[in-house]
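# Inside the fold
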Amino acid sequence: MRRATLLLAGIAILLLWAPAAALDAPEPLALDEAVDLIADAGGASDYPDANEIVVFSHTTVEYEHDGSYVQYNHELTKLITDEGVDDNGDMSFSYHRRYTDHQIILIRVIKADGTEIVVGDDLITDGTPPQVTAMNIFESDFREKTVVFPGLEVGDAIESITAEINAPLLEDAFGGIFFMQYTAPILDVSATVTGPSDMPLVHEVKNGDVDFVLSEAGGLTTYAWSTTNTTQLEPELGMVPFRQVATRVLASSIQTWPELSRFGYDLLGTKCIAEDSVKELTAEITQGLETTEEKITEIHYWVMENVRYLGLAMDRGAFLEPHFASYTLEKEYGICRDKAVLMVTMLGEIGVPAWVVMINPSFATDTEVPSVFFEHGIVAIEDEMGGYRYFDPTIEHHREIDASYVGDRWVLHLTPEGDDIRQVPHRPAAINSGNIAETGVLDDDGGIEGSAVITGRGIYEMILRQIADTTNEEQMKQIWTESVQGIYPGAELTEFELSDESDLYEPWTATVGYRIEDYALEADPYVLFRIPSATGAFDFLSGLLVGRLTNLPTREHSLAIGTSIGLAERGQIEIPTGYIVESLPDVVDYHEGPISLSITYEFIPADENDGVPAVSYAKVFGVDAFEITPVEYRAMKEASRLASRSMRGEVVLKREEG
């Protein structure tokens with residue numbers, strides 16, 4: 001579902017609620033002018049990779065001293081393929097009516113023959129977003145307007161004019177992000193911002209060149225950015241968000257990050273008030289616990305498990321005013337900053353100073369200009385070495401209380417003194433790593449029997465828990481049955497045991513047993529077989545990562561992993577006496593940038609293994625970054641090639657003479 005305007009989707013302005021708009025709304029195009037523009041825009045033959053053409057997209061904004069502003073978006077989009085028609089069959093506008101008066105001034109379809117169909121109120125709905133309703137949450141201020149276009153055809157165009165009249169979220173401040181590029185070609189795009197001259201903007205253009213004009217009149221300064229014929233952004237599987245690679249303009253009246261930090265503290269920190277209900281709960285759940293660490297863990301788990309996460313991108317980012325801690329406790333649901341405020345308040349009750357912290361989990365933060373647009377709010381406390389620990393009480397199923405995805409990301413601590421934006425120290429792949437341990441026995445008849453214990457740390461374990469929580473026992477058994485059958489046709493699942501995915505105090509584990517008849521290939525005097533764990537049968541997470549995401553020959557954009565991730569896998573198979581190891585698969589030792597892969601095989605003599613000879617296998621794999629550049633992608637592909645070749649490698653045994 002496509003938003004009504006490409007700029008509306010990305011504009012992250014600081015501030016909400018305003019007086020009546022002084023800025024005049026854009027005038028609709030004269031019909032004959034619109035028809036000419038649509039005809040001149042071209043079609044599928046001119047843009048063979050596009051499904052639509054944005055003929056123009058104009059955004060105009062005027063802000064006041066108090067930070068209130070009015071914004072108009074005027075757009076004309078031509079549909080040039082059937083897919084473009086399907087994609088634009090409806091459009092939605094999400095808003096929070098406590099802060100925003102959202103208005104649809106005009107939406108109409110202009111046909112190629114010059115006729116128009118004005119979309120009336122009967123085709124516009126305004127209600128609670130479906131995702132809120134699905135959670136059985138009544139939050140009347142979260143709203144979504146949806147416009148439906150019946151009977152669209154290739155060659156039609158949609159003209160829309162919308163308005164937002166917004167209250168200041170942070171007093172006496174304004175800022176925004178304006179996107180000048182999209183997944184469709186744009187023939188004409190502009191963003192014009194006007195505000196008091198004594199409240200100037202700092203601004204920066206990222207990832208491209210645009211024209212800029214600065215003018216001043218009557219105590220107002222106008223900042224105007226424009227460009228023409230911007231190329232469309234081509235999607236790639238697994239790429240970083242478009243907003244990270246698009247040509248964009250950053251603008252803010254806030255001059256420094258510490259200034260924004262203080263603004264944020266005034267907004268969120270004042271909500272961290274421990275009323276009686278919060279005091280009583282904190283005392284109850286920490287009663288009898290001896291150490292501060294135990295109390296921190298209990299508070300984190302309680303907020304994570306008992307306050308439902310209302311994860312909605314309904315506002316201008318994580319700076320929207322949160323609720324008081326006691327309110328979130330009473331309602332038992334909240335957006336990220338509500339949960340963070342509650343946790344900070346509870347930590348204060350056990351004598352642990354804590355701060356709400358802003359972070360962008362899904363894209364790299366633009367640090368050049370102070371920006372209110374952060375996706376997420378988490379919690380920080382000081383550690384014993386003068387650094388910080390970060391907690392995210394919205395991530396369910398994460399056993400370790402320290403957030404393991406935050407490494408290398410930029411964060412803004414909201415403090416009364418004001419803090420500069422800072423980069424979190426690197427978090428190595430090992431803290432988000434799977435751990436697989438296999439033991440087995442190859443018998444004289446060529447059959448093999450064994451078991452594997454699968455567990456992990458950080459994000460790897462969290463994903464395993466999520467799968468277990470959303471999949472019933474029979475489905476899980478089927479998943480592992482297919483895994484062992486992937487080792488060899490006819491493999492039998494002989495053991496299947498899962499730990500309790502809801503118990504966060506113990507590592508989650510899966511124990512999978514197998515029996516495979518006629519597994520080894522006998523070619524007297526040789527016996528050939530593969531160590532089952534070396535086939536990748538027990539590791540479907542990093543296998544998916546390295547396999548599915550490395551299908552492209554090259555990449556234009558960085559690959560979004562989201563977190564560092566790794567795998568430590570080992571297997572040991574006892575072999576029949578009377579055999580020696582003739583050959584083992586090649587050793588792999590590959591390290592390039594954030595990508596590392598080590599695979600080793602070893603023969604273990606009987607006198608080193610309780611009288612029974614064995615062959616061991618060990619694999620350590622790591623993606624030590626949350627995104628992979630196009631250059632690093634080549635290293636990832638090479639690691640994938642080496643891993644695939646190793647998976648096909650066989651252990652060759654030879655019967656001893658005599």
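This text follows the structure it describes.
Before going into details, it helps to say that this report is about the structure given with it. (Residues numbered from 1 in each chain as written. Predicted model: local features only at pLDDT ≥ 70, side-chain atom pairs only at ≥ 80, totals over all residues. Heavy atoms only, no water.)

Before going further, it helps to spend a moment on the overall build of the chain. Along the chain, the regular secondary structure elements total 14 helices and 36 strands. Taken along the three principal axes of its C-alpha coordinates, the chain extends 105 × 70 × 40 Å. Here the chain holds 658 residues, and 54% of them are scored as buried. Sequence separation of at least 24 residues holds for 77% of the intrachain contacts in the chain that already meet a minimum separation of 6. Just so you have it, the chain exposes about 27,700 Å², and 48% of that area is on carbon and sulfur atoms. When the 42 positive and 112 negative side-chain charges of the chain are each reduced to one mean point, those points stand 1 Å apart. (Helix = DSSP H or I, 4+ residues; strand = E, 2+ residues; numbered from the N terminus. Buried < 20%, exposed > 50% of the residue type's maximum accessible area, 1.4 Å probe, protein only. Contact = heavy atoms within 4.5 Å. Areas by Shrake-Rupley, 256 points an atom, 1.4 Å probe, with all protein chains shown as cover. Lys, Arg positive; Asp, Glu negative; His and termini not counted. Charge placed at Lys NZ, Arg CZ, Asp CG, Glu CD.)

Our next topic: the environment of alanine 520. Summarising the element assignment, alanine 520 is placed in the loop between strand 26 (510-516) and strand 27 (521-523). Each C-alpha atom, one on alanine 520 and one on isoleucine 454, is 24 Å from the other, the two residues being 66 residues apart in sequence. Leave out the neighbours within four places in its chain, and alanine 520 touches Leu442, Gly446, Val527, Leu528 and Phe529.

Where helix 8 (residues 292-306) contacts helix 10 (residues 336-349), the two axes come as close as 10 Å, and the packing angle between them is 155°. The angle between the axes of helix 8 and helix 10 places the two elements in the roughly antiparallel class. As for the relative orientation of helix 8 and helix 10, their crossing is right-handed in sense. Contacts from Ile296, Ile299, His300, Val303 and Met304 of helix 8 reach helix 10 at Lys339, Leu342, Met343, Met346 and Leu347. (Axes fitted to C-alpha atoms, helices over the stretch in contact; angles between N-to-C directions. Parallel < 35°, antiparallel > 145°, perpendicular 65-115°, else oblique. Left-handed = near helix turned anticlockwise from the far one by under 90°.)

All right, on to the pattern of salt bridges then. Tallied over the entire structure, the rule returns 21 salt bridges. Residue aspartate 156 pairs with lysine 111 through a salt bridge whose shortest N-O separation is 2.8 Å. Of this pair, aspartate 156 sits in the loop between strand 8 (142-148) and strand 9 (157-166) while lysine 111 is found in the loop between strand 5 (100-110) and strand 6 (116-118), placing the two residues 45 residues apart along the sequence. One exposure class covers both aspartate 156 and lysine 111, and it is buried. Its salt-bridge partner being glutamate 400, residue arginine 399 comes within 3.6 Å of it at the nearest N-O pair. Where salt bridges share partners, they join Lys206, Arg248, Asp366 and Glu368 into one cluster. (Salt bridge = Lys/Arg side-chain N within 4 Å of Asp/Glu carboxyl O.)

On to the nonpolar core. Ile454, Trp480, Phe529, Ile531, Phe538 and Ile628 are the most contacted members of the largest nonpolar core, which totals 57 residues. Per element, the largest residue contribution to this core is six residues, and it comes from helix 14 (residues 630-647). By size, the runner-up hydrophobic cluster in this structure holds 43 residues, among which are Ala173, Trp257, Tyr301 and Val372. (Core = buried A, V, L, I, M, F, W, Y, C linked by side-chain atoms within 4.5 Å.)

What follows is about the sheet that holds strand 12 (residues 202-206). Within the open sheet, the three strands sit side by side as 10-15-12. Their pairing is antiparallel. Of all the strands in the sheet, the pair left with one neighbour each is strand 10 (175-179) and strand 12. When the angles between neighbouring strand axes are averaged without regard to direction, this sheet yields 10°. Here five bridges tie strand 10 to strand 15 (residues 248-252), and the two strands are oriented antiparallel to one another. Bridge pairing links glycine 175 to serine 252 in strand 15. (Pairing = 2+ DSSP bridges.)

So, about the packing of helix 7 (residues 276-286) against helix 8. Closest axis-to-axis distance for the helix 7/helix 8 pair is 9 Å, and the angle between their directions is 120°. For the element pair helix 7 / helix 8, the angle class is oblique. Crossing handedness for the pair helix 7 and helix 8: right-handed. Residues Leu281, Thr282, Ile285 and Thr286 of helix 7 pack against Lys295, Glu298, Ile299 and Trp302 of helix 8.

Attention now moves to helix 11 (residues 458-470). The terminal C-alpha atoms of helix 11 lie 19 Å apart, and with 13 residues this matches the ideal 18 Å at 1.5 Å per residue to within 8%. Residues Gly458, Ile459, Tyr460, Glu461, Met462, Leu464, Arg465 and Ala468 constitute the buried set of helix 11. (Expected span 1.5 Å × (residues − 1).)

A few words on helix 14. End to end, helix 14 covers 26 Å across 18 residues, agreeing with the expected 26 Å (1.5 Å per residue, within 8%). Residues of helix 14 that are buried include every one of Tyr633, Ala635, Met636, Ala639, Ser640, Leu642, Ala643 and Ser646, and no others.

The next thing to look at is the sheet that holds strand 6. Spatial ordering of the open sheet is given by 6-5-9-3-2-11-14-13, a layout of eight strands whose pairing is mixed. Strand pairing shows two members of the sheet lacking a second neighbour, strand 6 and strand 13 (211-217), which therefore form its edges. Taken over all neighbouring pairs, the strand axes of this sheet differ in orientation by 10° on average, direction set aside. In this structure, strand 2 (residues 52-63) lies alongside strand 3 (residues 69-79), joined through 11 bridges in antiparallel fashion. Each bridged residue has a counterpart across the sheet, and for glutamate 52 the counterpart in strand 3 is leucine 79. Of the strands in this sheet, strand 2, strand 3, strand 5, strand 6 and strand 9 are in contact with helix 2 (residues 31-40), which crosses strand 5 at around 75°.

Taken together, the nine bridges between strand 23 (residues 433-442) and strand 30 (residues 565-574) define a ladder with parallel strand orientation. Residue pairing for strand 30: serine 433 is matched across the bridge by glycine 566. As judged from the 10 bridges shared by strand 30 and strand 34 (residues 614-623), these two strands associate in the antiparallel manner. From the neighbouring strand, alanine 568 faces strand 34, where its bridge partner is valine 620.

Per the stated rule, a full pass over the model turns up 12 aromatic pairs. Ring centres 6.3 Å apart and planes at 10° place the aromatic pair tyrosine 223 and tryptophan 225 in the stacked group. With respect to burial, tyrosine 223 and tryptophan 225 carry one shared label: buried. Consider the rings of tryptophan 257 and phenylalanine 374, whose centres lie 6.1 Å apart with planes at 65°: the pair is edge-to-face. With tryptophan 257 in helix 6 (residues 257-268) and phenylalanine 374 in the loop between strand 18 (355-359) and strand 19 (376-382), this pair connects stretches of sequence that are 117 residues apart. For the pair tryptophan 257 and phenylalanine 374, one class covers both residues: buried. Linked through ring pairs, Phe178, Phe212, Tyr223 and Trp225 together constitute an aromatic cluster. It is arginine 555 that lies over the ring of tyrosine 633; its NZ or CZ is 5.3 Å from the centre. (Phe/Tyr/Trp six-rings, centres within 6.5 Å; stacked < 30°, edge-to-face > 60°. Lys NZ or Arg CZ within 6 Å of the ring centre and 35° of its normal.)

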